[in-house]
Structures are given as C-alpha cells and as structure tokens.
Amino acid sequence: MPTSLPNAVGISGEGASETRYAYKASLIGSAHQFELTDAGLSWRIAGRAGVWAYSDIAAIRLSYRPVSMQSRRFRADIENNNGRRIAVLSTTWQTVSLMMPQDQGYRDFITQLHRRMNEAGSRATLTGGIGPKTYAGAVLLLALVGVAMAGLFIRALATFELWGALFLVGFAVLFAWQIGGFIRRNRPQTYTFGQLPEALLP
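Quick caveat, the model's predicted, so the values are computed rather than measured.

Cut-offs used in this document
- Residues numbered from 1 in each chain as written.
- Predicted model: local features only at pLDDT ≥ 70, side-chain atom pairs only at ≥ 80, totals over all residues.
- Heavy atoms only, no water.
- Helix = DSSP H or I, 4+ residues; strand = E, 2+ residues; numbered from the N terminus.
- Buried < 20%, exposed > 50% of the residue type's maximum accessible area, 1.4 Å probe, protein only.
- Contact = heavy atoms within 4.5 Å.
- Areas by Shrake-Rupley, 256 points an atom, 1.4 Å probe, with all protein chains shown as cover.
- Pairing = 2+ DSSP bridges.
- Axes fitted to C-alpha atoms, helices over the stretch in contact; angles between N-to-C directions.

A.B. asks: Would you mind showing me how to read the overall build of the chain here?
C.D. replies: Within the chain, the secondary structure is distributed over three helices and eleven strands. The proportion of buried residues among the 202 residues of the chain is 39%. A separation of at least 24 residues holds for 55% of the contacts in the chain among residues at least 6 apart in sequence. Only carbon and sulfur atoms are counted for the fraction: they give 59% of the accessible area of the chain, which is about 11400 Å².

A.B. asks: Looking at this structure, how should I read the pairing of strand 4 (residues 48–52)?
C.D. replies: Side chains on a regular strand alternate between the two faces of the sheet. Relative to strand 4, strand 3 (residues 41–45) runs antiparallel, the two sharing five bridges. Bridge pairing in strand 4 places L41 opposite W52. Taking the residues between adjacent antiparallel strands as the criterion, strand 3 and strand 4 are bridged by two residues, where A46 takes a positive phi near 50°.

A.B. asks: What exactly am I supposed to notice about the sheet that holds strand 4 here?
C.D. replies: The strands making up a sheet are joined through hydrogen bonds of the backbone, oriented either antiparallel or parallel. One open sheet holds the four strands; their spatial order is 1-2-3-4, and the pairing between them is antiparallel. The two strands at the open ends of the sheet, each matched to only one other strand, are strand 1 (19–23) and strand 4. On average, adjacent strands in this sheet sit at an angle of 10° to one another, irrespective of strand direction. Across four bridges, strand 2 (residues 32–36) lies against strand 3 in antiparallel orientation. Directly across from Q33, in strand 3, lies its bridge partner R44.

What follows is the structure, encoded as structure tokens:
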C-alpha cells in the first residue's frame, strides 16, 4: 500500500527517498495523490491505490491543456505495461471559481519521475504535444479561420468600415495568442530523459 499523504493539495518536496505531489481534479472528491518511492510511482485516486515500478511505466505524454479558468495548465498522461493510465495536472481546484496553478510542484514532480525512470533503465516511450492527426486538423482549422478573417478584413477596408476592421484586428490578435500558443506548444514530438520539452512544463 502506498504511504498516506497529508490531507492537502499541492504537496511537493524531495526528501531522502521520496517526492510527493497532489491536486484536486474537481471540487467534489478527494485529492489525487502521488509519491515517488524507492519501489516506484505510488498513487491514490478516488479510493483506488497502487504502486507502479519505474521499469513498468510504458509511456508518458506531456501536453499543454489550458481551460477557460486557467490558461497555464499542463498535463502528464502516464501509462503502464498493462495499459492502465493515470493523469497528473499542474492545477488544483480551490473554490468553485478558483483553479490554482502549482507550477513548481508539478515541474519538480515530473522532472524527478523522469530521473527515477532513467535510473531504473526505463525504455518508456516519451512523447509531447497532441496526436499528429489532431494537430494537423487544428493547423488546418487555424489556416481556414485565418483566410476567412483576412477576407473579412479586406472587405471592411474596401467598404470603409474602419471600426469593423479594428475589431477584426483585435480578434485576430487574441485568437493568435490563445489558439496559436496552444498549437505551438502542442507540436507532436518525442523527447529523451535528459531533455524534457520546456514548452510542456510550467
């Protein structure tokens, strides 16, 4: 059985042999709790618990997953050799209207997990971003929206609708900042234990 963690979220601290991290995925329910022990990755989620040896972890996918209430939100999907998966998020729910980032705690936990897996001789598949097909679809959608907005902008200028043109410029900047950032960070890639993708870590 994994070691019990304190009844709190956002715990992160490296002791002599362990690193801990916890977050709340929703307001309802207990925190998702993780601990890096000598035996492996220990987890406790929704009344279930287990320990995965570092050599039994088959894959990790890091990604950038912003939501409306938190633009700085990162995710690690971890899969073992039996096909079971767990997710680790960089944010935690505090109140009904507040989702707090845990940038340093999440970064430390993910970094230490990779270090321990490497020391255990892991041959896990390490990937970053979203799937290639999803990424291609998102890029195509972004291009189509860009072409449509350019056409509307030209038409607004031709008909001397200056306020409309300014609105389109502002919308384009906001769209490029939000969607463009998501596309840029989530470019499909593979990485190594010695070089984690900085764009996919807080």
